[in-house]
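Given next are the chains, with one letter for each unit.
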Amino acid sequence: MKRKPISYVSEHFNLPQDIINGACIVTSYGNRYVYIENYKGIMEYTDDFIRIQGKNCKVLIKGKSLSIYYYGDNDMRVDGKIESVNYTI
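Now for the nonpolar core. Membership of the largest hydrophobic core comes to 15 residues, with the highest contact counts inside it found for Val34, Ile36, Ile52, Val59, Ile61, Met76 and Val78. If one sorts the elements of this core by residue count, strand β5 (residues 58-71) sits on top with 4 residues.

Strands sit in the order β1-β2-β6-β5-β4-β3 across an open sheet of 6 strands; the sheet is antiparallel. Across the chains shown, the open sheet's two edge strands, defined by having one partner strand only, are β1 (25-29) and β3 (39-45). Between one strand and the next, the sheet's axes are offset by a mean angle of 45°, whatever the strand orientation. Sheet analysis places β1 next to strand β2 (residues 33-37), joined by 5 bridges and oriented antiparallel. Its bridge partner being in β2, Tyr29 is matched across the sheet by Tyr33.

By the element assignment, Arg77 lies in strand β6 (residues 75-88). Side chain to side chain, Arg77 and Asp79 meet in a polar contact 2.7 Å long. Apart from the residues lying within four places of it in its own chain, the contact partners of Arg77 are Tyr33, Val34, Ser67, Ile68, Tyr69 and Tyr70.

In this section: a nonpolar patch on the surface. Judged by side-chain polarity, Ile42, Tyr45 and Tyr71 come together as a nonpolar surface patch covering roughly 340 Å² of accessible area. With respect to the helices, strands and loops of the structure, Ile42 is situated in strand β3.

Attention now goes to the pattern of salt bridges. Taken as a whole and assessed by the stated rule, the structure comprises 2 salt bridges. With its nearest N and O atoms 2.7 Å apart, the salt bridge here joins Asp79 to Arg77. Arg77 matches Asp79 in its accessibility class, with the two residues each being buried.

This paragraph deals with the pairing of β3. In terms of strand pairing, β3 meets strand β4 (residues 49-54) through 5 bridges, oriented antiparallel. Directly across from Glu44, in β4, lies its bridge partner Arg51. Counted between consecutive antiparallel strands, the loop separating β3 from β4 contains 3 residues.

A few words on the confidence of the model for the protein. Of all residues in the protein, 75% have pLDDT values of 70 or greater, and the mean over the chain is 86. Element-level pLDDT for the protein is lowest in helix α1 (residues 6-12), with a mean of 58, against a maximum mean of 97 in β5.

About the cut-offs
- Residues numbered from 1 in each chain as written.
- Predicted model: local features only at pLDDT ≥ 70, side-chain atom pairs only at ≥ 80, totals over all residues.
- Heavy atoms only, no water.
- Core = buried A, V, L, I, M, F, W, Y, C linked by side-chain atoms within 4.5 Å.
- Buried < 20%, exposed > 50% of the residue type's maximum accessible area, 1.4 Å probe, protein only.
- Helix = DSSP H or I, 4+ residues; strand = E, 2+ residues; numbered from the N terminus.
- Pairing = 2+ DSSP bridges.
- Axes fitted to C-alpha atoms, helices over the stretch in contact; angles between N-to-C directions.
- Polar contact = N/O pair within 3.5 Å; in protein donor to acceptor, adjacent residues only side chain to side chain.
- Contact = heavy atoms within 4.5 Å.
- Patch = residues over 30% accessible without salt bridge, like charges linked within 9 Å, V, L, I, M, F, W, Y side chains within 5 Å.
- Areas by Shrake-Rupley, 256 points an atom, 1.4 Å probe, with all protein chains shown as cover.
- Salt bridge = Lys/Arg side-chain N within 4 Å of Asp/Glu carboxyl O.
- pLDDT = per-residue confidence, 0-100.

Structure (structure tokens):
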């Protein structure tokens, strides 16, 4: 059986490619909190930064008074005064 490219599956089923690829999705709500989906684990956690391992990248959240409001198998919410969100491969 011939495998279809991800772009074909994405278009055919009307799904975003980032979800099909398992990309880490970060949604910011102002500078008060961020919502992170599809992460693998928490690498480092302090009041000033949180480093998160995604499937294809690492996400670094910098700020003040940062705390993990909740986390589950697939998503988490980080609260505090968010100053920046950086991605590295």
